[in-house]
Amino acid sequence: MPTPQSSSDRDAAQQQEQEVMSLFGSVKRSLSRVLFHIKVFILAFILACIVLYTPWSFLALPAGNGHISTIVVLSVYIGLLSLYPSRPYRPATLAGWLVVVLSPLAGLWAVALLFGGLAALFITIIRQRKLEVSRFPLLLIIASTIAALFRIDAHAIPVWFGVAFFVVVLVTVLIEPWNNFRRQKALRQQQQMVARQQAEERRRQDETQAEFAEYYEQLAQIKRYKSGMAHEMQELVSLIEEKTQAIIGCMQADARDVTPGKLFLNRYLPMIVKALERCVLLEEQNADSAQFEEVRSLTYQGIQEMSVVFSEMHQRLLDNDIDDLLVDLKVMNQLIRSQGFGAKHN
């Protein structure tokens, strides 16, 4: 049996193990992020070298200028970090790369990734509606780098590129709210459609209940009387209930069955209710005589015959549907043959 001391030691060991695992996870994440920065810096250095030695950059100063080289390397490095933060937002990254693609068209090869990162950073900040501490240095460095580049060439950025930049940022920022609005609108429309369908279904059910209310009421009376009867009688009454429901279903499904169905139920259903009512009343009065036994026997015989009659009536209504189906099938076959199809099967 474990003692309180051993349980306490085990809990302490588990807590210490969790702390070690948490520390190990933090160190692993930190090393992974440092490795990411190293890889990004190496990639930035390579891209900066490519940019500095291409004739398409707007920078007119020699590539060997250390100040220019530092700015270009820094802009590429910061741009990549902004495009791929620790928790990236895919639309912001895609919008940033769109700006990167547009930048060479404006002659901004050297700072293409910088402007792309700035676009992604703006989108993320606007989407989150706050400026996190980790993003503030990036924003400050990007602004300083762009300001330094403007001092080199005050007319470096074409007007159309500035307009395109803000359009890309604005559209990307509005995409998510617009999609949310469309989803909510579609959800509201679906809910309204479901509500209308439910209301229509309730209305039809209410109309059906109102039209056949007297039959449902009589069925409820039959069900109450059935509970106090013998098992054999209950089986017959249950069959009559089932067939009555089936006849009502036929009338609901086919308007042509309404007239014969109502005539049938109006004639026989009240008779069954009255017979069961009298039989139950005699049972409650503890009637025990030869005459009562005869009444009980006649009631059972009558209910048995009624169950057969109700089954036949239901089948007759079904036969009407079958006859209609046969007529439709014959017409369809005649139409097929008149069009010359199916002749090879003759």
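Residues numbered from 1 in each chain as written. Predicted model: local features only at pLDDT ≥ 70, side-chain atom pairs only at ≥ 80, totals over all residues. Heavy atoms only, no water.

Caption draft 1: Representation of the UniProt feature "transmembrane region" (unreviewed entry) in the chain in the model. Listed under "transmembrane region" (unreviewed entry) in the UniProt record, and renumbered for this structure, are residues 34-54, 66-84, 96-124, 136-152 and 158-178. Secondary structure content for residues 96-124 is 79% helix and 0% strand, and the end C-alpha separation is 11 Å. This span, residues 158-178, is 95% helix and 0% strand, and a straight line between its end C-alpha atoms measures 30 Å. (UniProt positions renumbered as here; feature names shortened; annotations may be inferred. Helix = DSSP H or I, 4+ residues; strand = E, 2+ residues; numbered from the N terminus.)

Caption draft 2: Seen up close, the packing of helix H7 (residues 213-226) against helix H8 (residues 231-253). It is the contact of H7 with H8, at a shortest axis distance of 10 Å, that shows an interaxial angle of 165°. The angle between H7 and H8 places the two elements in the roughly antiparallel class. Regarding H7 and H8, the two cross each other, and that crossing is left-handed. On H8, the residues that touch Tyr215, Tyr216, Leu219, Ile222, Lys223 and Lys226 of H7 are Gln234, Val237, Ser238, Glu241, Thr244, Gln245, Ile248, Met251 and Gln252. Looking at side-chain class alone, the contact of H7 with H8 contains seven nonpolar, five polar and three charged residues. (Axes fitted to C-alpha atoms, helices over the stretch in contact; angles between N-to-C directions. Parallel < 35°, antiparallel > 145°, perpendicular 65-115°, else oblique. Left-handed = near helix turned anticlockwise from the far one by under 90°. Contact = heavy atoms within 4.5 Å. Nonpolar A, V, L, I, M, F, W, Y, C, P; charged D, E, K, R; others polar.)

Caption draft 3: Looking closely at the packing of aromatic side chains. Under the criterion given, the structure shown has ten aromatic pairs. Here the aromatic rings of Phe122 and Phe165 are separated by 6.4 Å at their centres, their planes lie at 75°, and the arrangement is edge-to-face. Of the two residues, Phe122 is situated in helix H4 (residues 112-128) and Phe165 in helix H6 (residues 159-211); the sequence distance between them amounts to 43 residues. Here the aromatic residues Phe115, Phe122, Trp160, Phe161, Phe165 and Phe166 are joined through ring pairs into a cluster of three or more. Over the face of the ring belonging to Tyr89 we find Arg127, whose NZ or CZ atom lies 3.9 Å from the ring centre. (Phe/Tyr/Trp six-rings, centres within 6.5 Å; stacked < 30°, edge-to-face > 60°. Lys NZ or Arg CZ within 6 Å of the ring centre and 35° of its normal.)

Caption draft 4: Structural context of the nonpolar core. Val99, Phe115, Ile123 and Phe165 are the most contacted members of the largest nonpolar core, which has 31 residues in total. When residues of this core are traced back to their parent elements, those giving at least two are helix H1 (4-52), helix H2 (66-83), helix H3 (90-105), H4 and H6. Among the elements that make up this core, the one with the highest residue count is H4 (eight residues). When near neighbours in sequence (up to four residues on either side) are disregarded, Phe165 contacts Val99, Phe115, Leu118, Ala119 and Phe122. (Core = buried A, V, L, I, M, F, W, Y, C linked by side-chain atoms within 4.5 Å. Buried < 20%, exposed > 50% of the residue type's maximum accessible area, 1.4 Å probe, protein only.)

Caption draft 5: Representation of the environment of Gln245. Structurally, Gln245 is set in helix H8. With relative accessibility at 41%, the residue Gln245 sits in the partly exposed group. Residues Gln245 and Leu219, spaced 26 residues apart in sequence, show a C-alpha to C-alpha distance of 8.8 Å. Residues in contact with Gln245, not counting those within four places in the same chain, are Tyr216 and Leu219.

Caption draft 6: Structural view of the side chain of Ser307. By the secondary structure assignment, Ser307 is in helix H10 (residues 290-338). Ser307 sits in the buried class, given a relative accessible area of 4%. Look past the residues within four positions of Ser307 in its chain and what remains in contact with it is Leu236, Leu239 and Ile240.

Caption draft 7: Inspection of the pattern of salt bridges at higher detail. For the structure on display, the rule yields two salt bridges. A salt bridge links Glu176 to Arg127, with the shortest nitrogen-to-oxygen separation between them at 2.8 Å. One end of the pair, Glu176, is in helix H6; the other, Arg127, is in helix H4, with 49 residues separating them in the sequence. Here Glu176 falls in the partly exposed class, since its relative accessible area comes to 29%. A relative accessible area of 35% places Arg127 in the partly exposed class. The partner of Glu241 in a salt bridge is Lys226, and the shortest N-O contact between them spans 2.8 Å. With Glu241 in helix H8 and Lys226 in helix H7, the pair connects residues that are 15 residues apart, well separated along the chain. Looking at Glu241, the relative accessible area reads 13%, which means it is buried. (Salt bridge = Lys/Arg side-chain N within 4 Å of Asp/Glu carboxyl O.)

Caption draft 8: Quick peek at H8. Taking 1.5 Å per residue, 23 residues should reach 33 Å; H8 reaches 33 Å between its end C-alpha atoms and fits that length. Along H8, the residues classified as buried are Met233, Leu236, Val237, Ile240, Glu241, Lys243, Thr244, Ile247, Ile248, Cys250 and Met251. (Expected span 1.5 Å × (residues − 1).)

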